[in-house]
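Okay, here's what each chain looks like letter by letter:
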Amino acid sequence: MNTIFQVIDNAVIIDKVPVGILVLRRNLIVVAWNICLEQWTGIKKEDILDKELTLFFPHIRQPKYLDRLKSIFDDGPPLIFSSQLHKYFIPCPLPDNQFRIQHTTVSPVKIPEGEILAVIAMEDVTDLTKRIADIRILHKEALLEIEERKKIEAALKESERLFMELSITDELTQLYNSRHLFSELRNEMERSKRYDRPLSIALLDVDNFKGINDYYGHLEGDKVLIKLAAILKKHTRTFDTTYRYGGEEFIAVFPETSLIQSINIAERVREKCKHLVFRPKDMTPFSVTISIGIAQFDGTETLDEFIARADKAMYQAKRNGKDQVCYI
Amino acid sequence: MVAPKDEQLDALKEIVNIGVGKAAGMLNDLISAHIHLQVPLIKVFDIHDLGKEFGDLVNQPLSAVHLMFKGSFSGTSSLVFPPESAVKLVDMLIGTEEVSEDFNALKKGTLTEVGNILLNGVMGSLSNILGKSIEYNLPTYVEGTIISLLGAPDVDPNTTVLLVQTRFRVETHDIVGDIILLFEVGAFDNLLKAIDQAISSSPRL
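Criteria and cut-off values
- Residues numbered from 1 in each chain as written.
- Chains lettered and ligands numbered in written order.
- Predicted model: local features only at pLDDT ≥ 70, side-chain atom pairs only at ≥ 80, totals over all residues.
- Heavy atoms only, no water.
- Helix = DSSP H or I, 4+ residues; strand = E, 2+ residues; numbered from the N terminus.
- Buried < 20%, exposed > 50% of the residue type's maximum accessible area, 1.4 Å probe, protein only.
- Contact = heavy atoms within 4.5 Å.
- Areas by Shrake-Rupley, 256 points an atom, 1.4 Å probe, with all protein chains shown as cover.
- Core = buried A, V, L, I, M, F, W, Y, C linked by side-chain atoms within 4.5 Å.
- Salt bridge = Lys/Arg side-chain N within 4 Å of Asp/Glu carboxyl O.
- Domains from an automatic or database assignment.
- Pairing = 2+ DSSP bridges.
- Axes fitted to C-alpha atoms, helices over the stretch in contact; angles between N-to-C directions.
- Phe/Tyr/Trp six-rings, centres within 6.5 Å; stacked < 30°, edge-to-face > 60°.

Structural notes on the overall build of chain B
Part 1 of the argument: Counting its secondary structure elements, chain B contains six helices and seven strands.
Part 2 of the argument: In sequence order, chain B lays out its α and β elements as α-β-α-β-β-α-α-β-β-α-β-β-α.
Part 3 of the argument: Across the 205 residues of chain B, 53% fall into the buried class.
Part 4 of the argument: Sequence-distant contacts in chain B: of pairs separated by 6 or more residues, those separated by 24 or more amount to 72%.
Part 5 of the argument: For chain B, the accessible surface area stands at approximately 8900 Å², while carbon and sulfur atoms represent 50% of it.

With respect to the nonpolar core
Part 1 of the argument: Membership of the largest hydrophobic core comes to 57 residues, with the highest contact counts inside it found for Phe73, Leu130, Phe183 and Leu191 of chain B.
Part 2 of the argument: When residues no more than four places from it in sequence are discounted, the contact partners of phenylalanine 183 of chain B are Phe69, Phe73, Ser74, Gly75, Thr159, Thr160, Leu162, Phe188 and Leu191 of chain B.
Part 3 of the argument: Val206, Leu228, Val288 and Ile292 of chain A belong to the second-largest nonpolar core, a separate cluster that totals 30 residues.

Details of the pattern of salt bridges
Residue and element names in this part refer to chain A.
Part 1 of the argument: For the coordinates displayed, the defined rule picks out 23 salt bridges over all chains.
Part 2 of the argument: Arginine 100 is paired through a salt bridge with aspartate 124; the nearest N and O atoms lie 2.7 Å apart. Placement of the pair is arginine 100 in the loop between helix H7 (83-86) and strand S4 (102-110) and aspartate 124 in strand S5 (residues 116-124), with a sequence separation of 24 residues.
Part 3 of the argument: Where aspartate 214 meets lysine 210, a salt bridge forms, and the shortest distance between an N and an O atom there is 3.0 Å. Here aspartate 214 and its partner lysine 210 are both found in helix H10 (residues 209-216), four residues apart, which amounts to about one turn of the helix. In this structure, aspartate 214 and lysine 210 share a single accessibility class: exposed.

Overview of the side chain of asparagine 116 of chain B
Part 1 of the argument: Within the element layout of this structure, asparagine 116 of chain B appears in helix H4 (residues 101-130).
Part 2 of the argument: Aside from chain neighbours lying at most four places away, what touches asparagine 116 of chain B is Arg68, Pro78, Leu79 and Ile80 of chain A together with Val65 and Pro139 of chain B.

A few points about the domain arrangement of chain A
Part 1 of the argument: Taken domain by domain, chain A consists of domain 1 (4-124), domain 2 (128-166) and domain 3 (178-327).
Part 2 of the argument: Taking the mean C-alpha position of each, domain 1 of chain A and domain 2 of chain A sit 47 Å from one another.

Some details on the sheet that holds strand S3 (residues 79-81) of chain A
What links the strands of a sheet is backbone hydrogen bonding, and the strands pair in either a parallel or an antiparallel sense.
Residue and element names in this part refer to chain A.
Part 1 of the argument: If you walk across this open sheet you meet the five strands as S2-S1-S5-S4-S3, and the pairing is antiparallel. The sheet terminates laterally at strand S2 (30-33) and S3, the two strands that pair on one side only. Taking each pair of neighbouring strands and ignoring which way they run, the sheet shows an average axis angle of 20°.
Part 2 of the argument: Note that S4 and S5 share nine bridges and pair antiparallel. Along S5, the bridge assignment pairs proline 108 with alanine 118.
Part 3 of the argument: Helix H6 (residues 63-73) contacts strand S1 (20-24), S3, S4 and S5 of the sheet and is inclined by roughly 160° relative to S3.

Brief notes about the packing of aromatic side chains
All names here are of chain B.
Part 1 of the argument: Per the counting criterion, the structure on display carries 14 aromatic pairs over all chains.
Part 2 of the argument: Ring plane angle 70° and centroid distance 6.0 Å describe the contact between phenylalanine 69 and phenylalanine 183, whose orientation is recorded as edge-to-face. Remark: phenylalanine 183 occurs in strand S7 (residues 173-183) and phenylalanine 69 occurs in strand S2 (residues 62-71); sequence separation between them is 114 residues. An identical accessibility class is assigned to phenylalanine 69 and phenylalanine 183; each is buried.
Part 3 of the argument: Taking the centre distance of 6.4 Å and the plane angle of 70° together, the rings of phenylalanine 73 and phenylalanine 183 count as edge-to-face. With phenylalanine 73 in the loop between S2 and strand S3 (75-81) and phenylalanine 183 in strand S7, this residue pair connects regions lying 110 residues apart in the sequence. Just as phenylalanine 73 is buried, phenylalanine 183 falls in that class too.

Below, the structure is given as C-alpha cells:
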C-alpha cells in the first residue's frame, strides 16, 4: 500500500501523461492535480490543492456524480463516467467554445491510515466524438436527400396521374377516350333535348379480334385498331366525334343526325374497313370486318341506357353473322 | 460445490435486490427515462452447466462488461446483454448504431458505464451487507459467445456460477440483461459463510 505522500509524490509520474488526473479525499478535497489538467482548465495546482473540488466545479454536487463518488470512499468498485452520458467530468474549454469530451475512470486507492482516496483519470475523446458527429451529419444529409428525392418522385407521379385524368385522348388510336365520350355525349343529349334535334350514335366492334390477337400477336392487333380508328375518323363528318370505347370497341357520335342518316355513314365505314388489307411480316395477309349497332336518342333515356341500346344492336349484328349494321 | 440452503439463497436474493435497486436509481438519474429493474431469477450452478443454462443464447454474440474482484471471495461479475438488447440500449442512450470503428469505441464506453453502475450496485451491496472488503479491477468491455466470455479454458471447472437474471424495462424499450457472478473455487463457500454470519448477526436479514 501507498502512503498518502507517496500517492501525491507520484505527481512526478502523473505530470508526464497526456491524461487529466486528480486525486480526492473523502471530503472532496483535491490532493493531486496534474499538469495536463492545469493546461486543460487553466487552474494551477497551487490554487486548487487542499481545496474542495466543488468550489471550482459545483456540478459535481449533483447526485449523478456525488452519489457515485461517495460509493468509492465506501470501499466500492471503480467508476466509469462515459463520454456519451456525461460529456465531461471536469469542464475544459477549447478555443472554439466547446468543451473537451472526456471518458473518465475513478479508482479507489487505500492508504495505510485506512483512508480511501479517489484517483480520477480523464481521457480526452474530443476528436473521436467529433469524427462520429461528422459521420452522423453526413448520414443525416444522405437521408434527407433520399427523402427529398422520394418527395420529388411522388410529386412527379401525382402530376402524371393528374395528366392522365385530364387527358381526353386514347394513347393508342389517338381518338378521344371513353372519359371524354361520357361528358361530350351528355352535352349532346342535353342539346338534342333542348332544341328537339335528332342525335344518333354508332357502336363499332371488330369481329374476331381475339383470334387476330392470338394468331398474329398483340402488336399486329394494335395496328388493326390504329388503322380502323383512322378510317373511322376519316369517313365520318367533321362535326361527328369518334371515341375508343373499350378494347376493340369504338363509338361515333352523330349530332343532328337521324337513324337513317347514321346507318349510311356506318355502312360507308364498314365497307372501307372490310377492304383494308393487313400484311404482317412473314405471315399471310388478312382483312377484318366490323359489326355496328346504331341507336337514335329517344329524348328521355339516360346516357347508360342510350349506349346500352347501341350495344344491343351491335350484338344483334354479331348474331346475324357479323360484318353488318343493325339498329334499334 | 456446496448447494446453498434456502435461507442463504433468500438472503442472497435480497442482497442482490438491494444492489440492483440502488443501481436502478442511479441509472434513472443519469438517463432521463424511467428504468425499471427486476430481479426475477437467481440460479446457482457449476460452470460446466453454463451452456445448458443459456440454451439458445449459447452461440449468439453477446456484449459483456466484466468486473473482476478479489478479497474474502474472489471472482468476476459480468453484465451480459444479448445483441438486440445491447443495440437497443445504445440506440436509446446515444442514437442509432453505425458501423464504424469510432462508433464502436463510444458504444463500448457507454455500455461499460451502464454495466459499471449495475455491477457496482450488486457488488457494493454484497460487500456492505456482508461487511467484507473487496478489491476490484477496472471494468472491461468484451464481445463474444457466453462460453468464450465466461467459460475460458483456464477457468477452473469447479467454479460456481451465480446467475441473476435482471430485466430492464426502459419505458417502451424491452432491454434485457443478465448479471452473472463467477466465484473462484472456495469463494462461493466463503460467500455462504459470510451470509450465515450476516443472518445470525443482523436483524435485517
